[in-house]
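Listed below, chain by chain, are the residues.
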Amino acid sequence: MALSGFTLNREKLSCSICLDPLKNPVTIPCGHSYCMECIKNHWDREERKTYSCPQCRQTFTPRPVLVRNTVLAELVDDMKKVGLQATPADHCYAGPEDVACDFCTDRKLKAFRSCLQCLVSYCDQHLKPHWDFPALKKHKLINPSKKLQENICSKHGELKAIFCRTDQQCICYLCSLDDHKDHSTISAAAERTERQKQLTPSRQKMKQQLQDCEKDVKLLQEELVAISRSADKALTDSEKTFTELIRLIESRKSLIKQQIENQQKTEENRVKKLLEKLDKEITELRGKDAELERLSQTEDHIEFLHMFPSLSGPEERAETSLPKQRTRRYFQDVTEMISEVGNKLQSFLSQDWPRVSRAVANPDVLLPLEELTVRAEFLKFSQPITLDPNTVNMQLVLSERNRRATYRSIKQMYPAHSERFQNRSQVLSRETLTRRHYWEVEWSGNGAFIGVAYKTISRTGDNSEFGKTDKSWVLLCSESLREFRHNNSVTLISGPQSKRIGVYLDHRAGLLSFYSVSEAMSLLHRVQTTFTQPLCAAFRAYHGLASQSTAVFCEIK
């Protein structure tokens, strides 16, 4: 059978059941052809009295007798002899981003493999010699690559099969005899083997990093949820608080309005009654005055003498509660008092509102301890510390808006106060510390105790001394000694000398750290415990050598 001049399509000579080229083809009454075994098996599975074509669904009764299609069988055999080829689908052709077959002459197909020996890329059809011929079977085939020409030396046109360790590059054998003559060289395959050994630990390290990153991603995703929930709760709580405050103010406003109006009516009724009484008195006086006027002008002497005793003088007026001069203040005192309350509220808000703003700008997000090594990280939690005059011992003098404490040998004349320390030259801060806080203290003189203490610490006796009980944690700083003291326990501290000490407190985490502050932050001592009460910043003059001790709680800008 002549086959030249046209191209046969493999699909037209394939069984639609098994999708392979027809084997022992048969044609059923509808005209469709199948492998004899395929159609027999198909009909055997139906187990019916009627039989249908798998393609057009035409039914036949009784079951058709299958006869071999001789012409179709010969055509299939002839096609096998010359090589049956299927027309490639569009997706099999190479696009701009694909590696094209170097052997295709017309429209190029996608490369199936690239050969490192031939330095050529092949489609599936043109790759067959590499599967069939023993010599080509030894070639190294890789996934299709556009960089095959990079394996050719641009100077000598030879394959780069050698690796120069001196210059860390691949070269050809002529390069190894010329420009790289005295260099350390090895075959590219051997160098690959050596580096392959390093790949395993690198991949393990990378996998670990990947796991760490995925874990961090999970933590950050959880943090996003926590931030959202916390922000929603803060909004709800603040809305509730402000609503209650507004309601309270509105309630007080309504109450004072009602009280003023009621008192206004009472006062107005009192004044109106007095006016009515006075109006009646004025009317009576005017009547008597008219009678006296008439009597004074009568010419009847007898009538004058008869009426004179009853009209000659006015009756004595009853005493009234009216003062000689009215001040007319009325509700001015109320206005002044309400104005005073408003000023106090505004003052309170103006003083405390920056703390609220800082809390919003710096939410309490726990950071790993190793991250808190740069001063800028600590400054996010800084806040001004002022010393409480009610707690200051009489041998300490406060100055610089209660930020500086200086020891004096002569006792000061402070008023008595239940919060004042009696036997120790020490003082607490006005602020209570319950979150994350950072402050810095600059000391001078013979020494200073710097730290924190519960506000409930005793004010007299040995139990009041900072560092003596479990209610205070302090660092002693002096020219010759540095110690940490808590609950009457002393720990010697080493580290760089500095006149400025940074104190970092995370109340919730139970973390207290002391740092030497200069050009860099140096950790002096860290305490991990559980704080059960609000804390205050604490200072005590160095015992026994306190004549020159001074501490300043720095303003951090």
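For the chain, the name recorded in an unreviewed UniProt entry is Tripartite motif containing 16, with Poecilia mexicana as its organism.

Asks: Can you lay out the overall build of the chain for me, pointing to particular residues and giving the numbers?
Replies: Helix and strand content of the chain: nine helices and 23 strands. Each of the 557 residues in the chain was classed as buried or not, and the buried ones make up 28%. Taking contacts inside the chain between residues at least 6 apart in sequence as the whole, the part at least 24 apart equals 53%.

Asks: How would you summarise the sheet that holds strand β13 (residues 426–428) if you had to cite specific residues and measurements?
Replies: Pairing is antiparallel across the open sheet formed by six strands, whose spatial order is β13-β22-β15-β16-β17-β18. At either end of the open sheet lies a strand with only one pairing partner, and these are β13 and β18 (489–492). Mean inter-strand twist for the sheet, computed between neighbouring axes without regard to direction, equals 20°. For strand β16 (residues 472–478) and strand β17 (residues 482–486), the ladder comprises five bridges, and the chain directions are antiparallel. Across the sheet, the residue bridging to C477 is R482, located in β17.

Asks: Tell me about the environment of F331, and please be specific about residues and values.
Replies: If you trace the backbone, F331 turns up in the loop between α7 (301–311) and α8 (332–361). Since its relative accessible area comes to 27%, F331 is described here as partly exposed. Taking C-alpha positions, F331 is 8.9 Å from Q264, a pair spaced 67 residues apart along the chain.

Asks: How would you summarise helix α6 (residues 188–297) if you had to cite specific residues and measurements?
Replies: In this model, α6 (110 residues) spans 152 Å end to end at C-alpha, consistent with the 164 Å of a helix rising 1.5 Å per residue. Largest kink in α6: about 25°, centred on Q198, with the proline P201 one to four residues after it. The complete set of buried residues in α6 reads E191, E281 and L295.

Asks: Please provide a residue-by-residue account of the UniProt feature "coiled-coil region" (unreviewed entry) in the chain, values included.
Replies: UniProt annotation of "coiled-coil region" (unreviewed entry) refers to residues 203–230 and 257–298 when read in the numbering used here. As a span, residues 203–230 carries 100% helix and 0% strand, and end to end its C-alpha atoms are 39 Å apart.

Asks: Talk me through the sheet that holds strand β21 (residues 521–528); I want residue IDs and the actual numbers.
Replies: Pairing within the open sheet is antiparallel, and its seven strands lie in the order β11-β12-β23-β14-β19-β20-β21. Strand pairing shows two members of the sheet lacking a second neighbour, β11 (396–399) and β21, which therefore form its edges. Averaged over all pairs of adjacent strands, the angle between their axes in this sheet comes to 20°, without regard to strand direction. As paired strands, strand β14 (residues 436–444) and strand β19 (residues 500–506) are joined by seven bridges and run antiparallel to one another. Bridge assignment links H437 to a residue of β19, and that residue is L505.

Asks: Any details on the state of the cysteines? Residues and values, ideally.
Replies: Enumeration according to the criterion identifies zero disulfides in this entry. Free of any disulfide, C164 has its nearest neighbouring cysteine sulfur in C175, separated by 9.6 Å. A relative accessible area of 0% places C164 in the buried class.

Asks: How would you explain the pattern of salt bridges if you had to name every residue and give the values?
Replies: Within this structure, the stated rule accounts for 24 salt bridges. One salt bridge connects R294 with E291, and the closest N-O pair in it is separated by 3.4 Å. With R294 and E291 both in helix α6 and three residues apart, this pair spans about one turn of that helix. Salt-bridge contacts for R500 lead to E440; the nearest nitrogen and oxygen are separated by 2.8 Å. Placement of the pair is R500 in strand β19 and E440 in strand β14, with a sequence separation of 60 residues. What makes R500 partly exposed here is its relative accessible area of 24%. When its relative accessible area of 0% is taken as the criterion, E440 is described as buried. A network of salt bridges, in which partner residues are shared, links E400, R401, R403, R404 and E555.

Asks: Requested: an account of the packing of aromatic side chains, with residues and values cited.
Replies: For the coordinates displayed, the defined rule picks out eleven aromatic pairs. The interplanar angle of 80° and the centroid separation of 5.4 Å between the aromatic rings of Y454 and W473 together place this pair among those described as edge-to-face. Here the residue Y454 occupies a position in strand β15 (residues 447–454), and W473 occupies one in strand β16, the gap between them amounting to 19 residues. Like W473, Y454 is buried. Here a set of aromatic residues connected by ring pairs shows up, and it is made of F378, F381, Y438, Y504 and Y515. The ring of F112 carries R113 above its face, with NZ or CZ at 4.8 Å from the centroid.

Asks: Help me get a handle on the nonpolar core, residues and values and all.
Replies: Counting residues in hydrophobic clusters, the biggest one holds 35 residues, and the most contacted among them are W439, W473, I501, L512 and F539. By size, the runner-up hydrophobic cluster in this structure holds 18 residues, among which are C15, Y34, L75 and M79.

Asks: Got a sec to walk through the pairing of β21? Specific residues and values, please.
Replies: Bridging between strand β20 (residues 511–517) and β21 involves seven bridges; their strand directions are antiparallel. Considered in β21, the bridge of S513 is made with R526. If you look at the hairpin formed by β20 and β21, you'll find three residues sitting between the two strands.

Asks: Let's hear about unusual backbone geometry: which residues, and what values?
Replies: Omega for the bond connecting T61 with P62 falls within 30 degrees of zero, at 0°, which places this linkage in the cis form. Not every positive phi belongs to a glycine, and R401 is a case in point at roughly 55°.

Asks: Requested: an account of a nonpolar patch on the surface, with residues and values cited.
Replies: The grouping of F242, L245, I246, I249, L345, F348, L349 and W353 at the surface amounts to a nonpolar patch, some 780 Å² of accessible area in total. Positionally, F242 belongs in helix α6.

Asks: Can you tell me about the pairing of β11, naming the residues and giving the values?
Replies: Alternating positions in β11 separate cleanly, L396 and L398 being buried on one face and V397 and S399 remaining unburied on the opposite face. With antiparallel pairing between neighbouring strands as the criterion, β11 and strand β12 (residues 404–407) make up a hairpin whose turn holds four residues, including E400 at a positive phi of roughly 50°.

Asks: Can you break down the confidence of the model for the chain residue by residue, with the values?
Replies: On average, residues of the chain score 84 in pLDDT, and 87% of them are at 70 or above. Mean pLDDT across the elements of the chain bottoms out in α8 (74) and peaks in β13 (96). Across residues 1–7, confidence stays below pLDDT 50; counting only partners more than four residues off in sequence or on other chains, it has seven contacts. Taken as a whole, residues 367–371 scores under 50 in pLDDT and shows six contacts with residues more than four places along the chain or in a different chain.

Asks: Any chance you could break down the side chain of S114 for me, citing the residues and the numbers?
Replies: Within the secondary structure, S114 is located in strand β5 (residues 113–115). Polar side-chain contacts of S114 include one of 2.7 Å to the side chain of S121. Not counting residues up to four positions away in its chain, the partners in contact with S114 are V120, S121, K140, L141, I142, N143, P144, S145 and L148.

Criteria and cut-off values
- Numbers given for residues are sequential positions, taken from 1 along each chain in its written order.
- Owing to the predicted nature of the model, reporting of local features is limited to residues with pLDDT of at least 70; listing and counting of side-chain atom pairs is limited to 80 or more, with chain, interface and lining totals taken over all residues.
- Side-chain measures were taken over the full set of non-hydrogen atoms in the model, leaving aside hydrogen atoms and water.
- Each helix is a run of DSSP H or I of at least 4 residues and each strand a run of E of at least 2, with the numbering of both proceeding from the N terminus.
- Between buried and exposed lies partly exposed: a residue is buried under 20% and exposed over 50% of the maximum accessible area for its type, with that area taken using a 1.4 Å probe on protein chains only.
- Contact criterion: two residues are considered in contact whenever any of their non-hydrogen atoms come within 4.5 Å of each other.
- For two strands to count as paired, DSSP must find a minimum of two bridges between them.
- Between N-to-C directions, angles cover 0 to 180 degrees, with each direction set by a line fitted to C-alpha atoms, over the stretch in contact for helices.
- Multiplying 1.5 Å by the helix residue count minus one yields the expected span of that helix.
- The seven residues ending at a residue and the seven starting there each receive a fitted axis; the angle between those axes is the bend at that residue.
- UniProt positions are given in the numbering used here, feature names are shortened, and annotations may be inferred rather than shown by experiment.
- Count a disulfide wherever a pair of cysteine sulfur atoms falls within 2.5 Å.
- Just to be clear on terms, a salt bridge is a Lys or Arg side-chain nitrogen sitting within 4 Å of an Asp or Glu carboxyl oxygen.
- Pairing of aromatic side chains here covers Phe, Tyr and the six-membered ring of Trp, requires ring centres within 6.5 Å, and sorts the geometry by plane angle: under 30 degrees stacked, over 60 edge-to-face, intermediate tilted.
- Lysine and arginine charges are scored as sitting over a ring when NZ or CZ, respectively, is within 6 Å of the ring centre and within 35 degrees of the ring normal.
- Here, nonpolar core refers to any group of buried Ala, Val, Leu, Ile, Met, Phe, Trp, Tyr and Cys residues whose side-chain atoms link them within 4.5 Å.
- Patch criteria: residues need more than 30% relative accessible area and no salt bridge. Like-charged residues are merged within 9 Å; nonpolar side chains of Val, Leu, Ile, Met, Phe, Trp and Tyr are merged within 5 Å.
- Surface exposure here means Shrake-Rupley accessible area, sampled with a 1.4 Å probe, where a residue is shielded only by the protein chains that are shown.
- As a per-residue measure, pLDDT reflects the predictor's confidence and takes values from 0 up to 100.
- Any pair of N or O atoms that falls within 3.5 Å is considered a polar contact. Within protein, one atom must be able to donate a hydrogen and the other to accept it, and sequence-neighbouring residues count only if both atoms are side-chain atoms.

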